[in-house]
Amino acid sequence: MSKLTHIDETGRARMVDVSDKAVTAREAVAEGFVRMAPQTLALALSGEGKKGDVRAVAEIAGVMAAKRTSDLIPMCHPLPIARAEVRVEAGEGGLSVTARVKTTGQTGVEMEALTAVSVACLTLYDMLKAAEKGMVIEGVRLVSKTGGKSGDWNAG
């Protein structure tokens, strides 16, 4: 098992020093799913809920979250996000959320993509909870990442 980069030699948490790392183009894609009843899904897709177009609000919330990741995750570096795109689409039994985040920098944007998906899923729950409280957020995961010293990675 490799050494954890956010733990120093004495076992204390630390922010990784990226000052000597090369600046490269980096991209990460993450996904998640909000499982819900067919009636709730129909309401979400109609765009006519009491709170408005829930998918559009969730997409905007996800983009905002990607830009604020370093405010939420203690050891994340603040990054200049070049692109943050969040898509909410109908899926089998609920809504699928995908985030794609890009930057050019010294560290990757995996946490920004995962945060975007997580907050978009939470926003969908918030927007739809009046219709159904038993929705389940599931499958939040990194799908792929490119760039950096460790190279490309795909979930497969």
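Above this text is the structure in question.
Quick summary incoming for the structure in this document. What you see is a predicted model; the values in this text were computed from it and never measured. (Residues numbered from 1 in each chain as written. Predicted model: local features only at pLDDT ≥ 70, side-chain atom pairs only at ≥ 80, totals over all residues. Heavy atoms only, no water.)

## Concerning the nonpolar core
Defined as follows: By nonpolar core we mean a set of buried residues, namely Ala, Val, Leu, Ile, Met, Phe, Trp, Tyr and Cys, connected to one another through side-chain atoms within 4.5 Å. Burial here depends on accessible area, computed with a 1.4 Å probe over protein chains only, as a share of the maximum for the residue type. Under 20% is buried, over 50% is exposed, and the range in between is partly exposed. Strands are runs of DSSP state E lasting at least 2 residues, helices are runs of H or I lasting at least 4, and numbering of each runs from the N terminus.
In this structure, Met36, Leu95, Val97, Leu124 and Leu128 are the most contacted members of the largest nonpolar core, which totals 28 residues. Among the elements of the structure, strand E1 (24-35), helix H1 (38-46), helix H2 (54-67), strand E2 (83-91), strand E3 (94-105) and helix H4 (110-128) are those that each provide at least two residues to this core. Among the elements that make up this core, the one with the highest residue count is H4 (nine residues).

## Thoughts on the pairing of strand E4 (residues 136-146)
Using the following cut-off: Should DSSP find at least two bridges between two strands, the strands are taken to pair.
Relative to E4, E1 runs antiparallel, the two sharing eight bridges. Paired with Ala28 across the strands is Lys145, a residue of E4. Relative to strand E5 (residues 153-154), E4 runs antiparallel, the two sharing two bridges. Following the sheet pairing, Lys145 is matched in E5 by Trp153. Connecting the antiparallel pair E4 and E5 is a turn made up of six residues, with Gly147 showing a positive phi of about 90 degrees.

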